[in-house]
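Remarks on the overall topology
This is what each chain is made of:
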Amino acid sequence: MNFKRLVIATFLAASQVAMVLPASAEEAVPNTPPSEANVSGQTVNNAANGNQEQNAVTGETVNPDQGQVEGQTEGQVEGQVTEENGGTSVPGNEQEGTGTDSTVTGGSTTTTTPSTNSLSNGTGAGQLILMMDSKKMYQNGKEYLAGYPMEVRKGVSYVSIRAIVERAGLQISYDNKTKETIIQRGADELRFKVNASNYKVNGVTTKMSGTSYSAKNNFMVPLTAITKALNMPYEWDQKGKRVIVSVSTKPIASFSIGNKEVISGETQVQYLTNSYSPSGLQIVNEEWIGREEMYMTPGAYTVTYRVQDSSGQWSDPFSLTVNVRKPHTPPVANFTTDKDTYKMGELITYNDLSTDEVGIKDRDWENKQLAFFSPGPVSIKLTVTNEFGLTSSIEKTITITNETLYTRDDFNKIFTPVGDKYAFDGTQVPTWEKVNYTFTSDSTTLIRSNSPETVFSEGVVYRESAIGDTRFMIHHANATGKNVKMYVIATNKNTTETARLTQTNFGFAGPNQYATGVGKASVERYYQSMQTGSKYKDMWIAPGESKIILNDLSATAMKQGEVISLFADLYSDHTLQYDVIMIDSSKDPFVYLPYLSVLPSDIHNRGTYSDATRHIEYGDLIGTKPVRLLIGDNSSDPFLVGEDGPTGEYKLNAGNFGVVYTIKLYRVAPNTLITFNPRGGFYTGNIMVNGNIVPVAMSSGLSAPNENSVLFRSGDREQTVEFLFTAAPGSNLSVNLLFQPLPEVKQP
């Protein structure tokens, strides 16, 4: 019984192979191909050289992917077939020869191909003549019969794969696992399937001009699928109804330079050869002209390469021009200061005058400070590095006198750039008077998906339903041990109404391993979307339909240990259920969602909270004395109360992460310094000041409580200042906005 099954299985497998690899029907016939006299005076379209000549009879231009229309007279054909409707156009000005000339400039290669000899006579060696609507083929003075005629379907010329393969000396095989017919020539590989409009060229899926098919056990493919992929020049003889294909069996030689650049007297040149025989013969000999292992003088050098196969045939020469550059010179480091002598606490102005032939990549300053607060000589050093790794340094000494212009604290208040930080005695801040503000709230629903912050298994990390203004804050780390993706899936459970979902503001960062970094970047991009409106989009979700939203979240797989962070503002006109899930990156979220369980929370916060947009407006004069405005302290700014969506448990949004604050101070006194001071721990993020995004802080984050980041300095007049703030995930609350008078500006 088992033997009988084996016999049947073997027979079926052999039948499948036969469909794509039919037994050869081509046999040499002692006839003579059409002589040169037979075709003299006929006009040929040289597709290989991109020359489309007018047919002498009709004035039409034709190519192998155009056929004669039934009922038309000879020479009358359909118009040019395009890629859009399944055809292909005549090759352009690419010259499909065998030898090439190339140029290497700074490691890059530019290749040009020399013109090929005309195929028009159709009688030269290495040429295969295919007759339209006929099995007849001619090669080297002999007539052969294909298993099936070359024919036109929908304006596309089809040939039997085996007809080309056997006459062109190509290798053919069949992959029973993938059901693909394989053509190989040297390093080139083409893979075809029956009834397919695409094929693979060296692993790359490529569209054909038509769909392959099987005709009487002959696998038929568009002629140009083979000629283009293998760079086989051809001509179309309209009047003679024949295609002349160059199937030269000469070996092909080429090479490239492996070095990124070639430097005279320094670079050992890497010659990377890529030569082969279309007939599969062994390459037995090679010849170089102009090759040097190291070039000692800058300039352009032409190197020519050719190879010989075991039959004695030499390839056409392949030439490449190597541009040899002079040795790189290091950059020149240079800088000046506006003076040589300064008082303690006096601003120093630096002018970087460093130069390089291609540009400076890095600048490393040592002891560069805006001011010094101890007397004596001070050395400042600058080291610059160019893109080649060459460096140069310069050191300059200035003198600090015993006179004091500003104390360190006063200097920092006046001169620290906006977005930069300075150290101060933060232990005194709690003694400062509080700004006793009041606030109003918008009915924004906050969905905070932040627990379990570190996810150890696939599942639903949060589930909630909402309508109207909704804000998402999502912050999770992957600890599943595999690549995963996160999705937010919106489901319209309404049975009759289509829901409209509008995305207004959006910020996403990650995945990467730095939690505070992605938290800071997501908030910055959220602010940027407010400035530009670039993330606005509408979508409609039909009754009972589920859609993936916030697509950036699921665009890239998260590796083990990586973190993502997301902020988004949405509006829906109907209630939608939102599922935030983490699953294996290879899985379909819609297939697996019904089987995912809700993961339990950890010590971090998750929940659904109402009134998540707060507006603070303050009309009294501020800045005439040191005062502080607290955010996220649960006193001046009480925490939101809500519930856990999956369990219904009571939740308190500690720190008010995900809450957006708009703060408008109508009367900021002249010459007021406004700074950002964390109180709950390390903080890094951004805040918008009068519509501008200001980092907190530019070079690094802030440590509580003794670091401060400059946000704004008011001018000589009283003015209104507006802030927009939301806490960056990964950082700590509470925070203070500090207001204090600027010191008096002095003249040096």
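The structure reproduced in this document is the subject of the present report. Only a predicted model underlies this, so the values are computations on that prediction, with no experimental measurement involved. (Residues numbered from 1 in each chain as written. Predicted model: local features only at pLDDT ≥ 70, side-chain atom pairs only at ≥ 80, totals over all residues. Heavy atoms only, no water.)

In this section: the overall build of the chain. A count of helical and extended segments in the chain gives seven helices and 53 strands. Going through the 748 residues of the chain one by one, you find that 48% of them count as buried. Taking contacts inside the chain between residues at least 6 apart in sequence as the whole, the part at least 24 apart equals 70%. When the accessible surface of the chain is totalled, it reaches about 34,100 Å², and 48% of it is carbon and sulfur. (Helix = DSSP H or I, 4+ residues; strand = E, 2+ residues; numbered from the N terminus. Buried < 20%, exposed > 50% of the residue type's maximum accessible area, 1.4 Å probe, protein only. Contact = heavy atoms within 4.5 Å. Areas by Shrake-Rupley, 256 points an atom, 1.4 Å probe, with all protein chains shown as cover.)

Before going further, it helps to spend a moment on the environment of Glu649. In this fold, Glu649 is placed in the loop between strand S45 (641–643) and strand S46 (650–652). Not counting chain neighbours up to four residues away, the residues in contact with Glu649 comprise Gly642, Glu643 and Asp644.

Moving on: the sheet that holds strand S9 (residues 156–160). Spatially, four strands are ordered S8-S9-S16-S15 in an open sheet, and the strand pairing comes out antiparallel. Both edges of this open sheet fall to strand S8 (151–153) and strand S15 (213–215), since each of them pairs with a single strand only. In this sheet, adjacent strand axes meet at a mean angle of 40 degrees when their direction is disregarded. Note that S15 and strand S16 (residues 218–222) share three bridges and pair antiparallel. Within S16, the residue paired with Tyr213 across the bridge is Met220. Strands S9 and S16 of the sheet are contacted by helix H3 (residues 161–168), whose axis makes an angle of about 65 degrees with S9. (Pairing = 2+ DSSP bridges. Axes fitted to C-alpha atoms, helices over the stretch in contact; angles between N-to-C directions.)

The next subject is the packing of aromatic side chains. Under the counting rule described, the total for this entry stands at 23 aromatic pairs. Considering the side-chain rings of Tyr271 and Trp288, the 5.4 Å spacing of their centres and the 65 degrees angle between planes classify their relative orientation as edge-to-face. Of the two residues, Tyr271 sits in strand S21 (residues 271–273) while Trp288 sits in strand S22 (residues 283–289), which places them 17 residues apart along the sequence. Look at Tyr271 and you get buried, because its relative accessible area is 11%. Ring plane angle 35 degrees and centroid distance 6.4 Å describe the contact between Tyr683 and Phe725, whose orientation is recorded as tilted. Separated by 42 residues along the polypeptide, Tyr683 in the loop between strand S48 (672–678) and strand S49 (685–689) and Phe725 in strand S52 (residues 719–725) bring together distant segments of the chain. If you follow Arg153 out to its NZ or CZ, it ends over the ring of Tyr213, 3.6 Å from the centre. Against the face of Tyr144 rests Arg167, its NZ or CZ located 3.9 Å from the ring centre. (Phe/Tyr/Trp six-rings, centres within 6.5 Å; stacked < 30°, edge-to-face > 60°. Lys NZ or Arg CZ within 6 Å of the ring centre and 35° of its normal.)

What follows is about the nonpolar core. Core analysis: the biggest nonpolar cluster contains 46 residues, and Leu711, Phe723 and Phe725 have the highest contact counts within it. Sort the elements by how many residues they give to this core and strand S47 (residues 660–668) lands first, with five residues. In contact with Phe723, other than residues within four places in its own chain, are Tyr661, Thr662, Ile663, Leu665, Ile674, Ile687, Met688, Val689, Leu711 and Leu737. By size, the runner-up hydrophobic cluster in this structure holds 33 residues, among which are Leu128, Leu130, Val201 and Ala229. (Core = buried A, V, L, I, M, F, W, Y, C linked by side-chain atoms within 4.5 Å.)

Of note, Asn605 is situated in the loop between helix H7 (589–592) and strand S42 (607–609). In this structure Asn605 comes out as buried when scored by relative accessible area, which is 13%. Apart from the residues within four sequence positions on either side, Asn605 is in contact with Arg448, Asn450, Ser451, Leu652, Asn653 and Ala654. A polar atom in the side chain of Asn605 sits 2.8 Å from the side chain of Tyr609. For Asn605, the side chain forms a polar contact with the main-chain oxygen of Leu652, separated by 2.7 Å. (Polar contact = N/O pair within 3.5 Å; in protein donor to acceptor, adjacent residues only side chain to side chain.)

If you walk through the whole model with that rule in mind, you get 26 salt bridges. The shortest N-O distance in the salt bridge between Lys339 and Glu346 comes to 2.5 Å. Classification of Glu346 as buried rests on a relative accessible area of 5%. Across the pair Asp340 and Lys396 runs a salt bridge, and its minimum N-O distance is 3.4 Å. Within this pair, whereas Asp340 is found in the loop between strand S25 (335–337) and strand S26 (341–344), its partner Lys396 is found in strand S30 (residues 391–404), the two being separated by 56 residues in sequence. When salt bridges that share partners are traced, they join Asp175, Glu180, Glu189, Arg191 and Lys200 into one network. (Salt bridge = Lys/Arg side-chain N within 4 Å of Asp/Glu carboxyl O.)

Right, let's talk about the pairing of strand S14 (residues 204–207) for a bit. Examined bridge by bridge, strand S13 (residues 198–201) and S14 share four bridges and lie antiparallel to one another. The residue of S14 that forms the bridge with Asn198 is Lys207.

Here the focus is empty space enclosed by the protein. On inspection of all chains with the given rule, the structure shows two cavities of 30 Å³ or more. Put simply, the largest cavity is a space of about 60 Å³. Lining the largest cavity are 13 residues, with Leu130, Met137, Ala146, Tyr148 and Met150 positioned closest to its centre. Of the residues contributing to the lining of the largest cavity, the split by class is nine nonpolar, two polar and two charged. (1 Å grid on protein atoms, 1.4 Å probe; cavity = no way out; pocket = protein on both sides within 12 Å on 5 of 7 lines; lining within 4 Å. Points joined across faces, edges and corners; volume = space filled by probe spheres on them. Nonpolar A, V, L, I, M, F, W, Y, C, P; charged D, E, K, R; others polar.)

With antiparallel pairing, five strands are arranged side by side in an open sheet as S10-S11-S12-S13-S14. The open sheet has two edge strands, strand S10 (171–175) and S14, and neither has a second partner. With strand direction ignored, the average angle separating the axes of adjacent strands in the sheet is 25 degrees. Pairing analysis gives five bridges linking strand S11 (residues 180–185) to strand S12 (residues 188–192), with the strands arranged antiparallel. Paired with Thr181 across the strands is Phe192, a residue of S12. Relative to the sheet, H3 contacts S10, S11 and S12, its axis offset from that of S11 by approximately 25 degrees.

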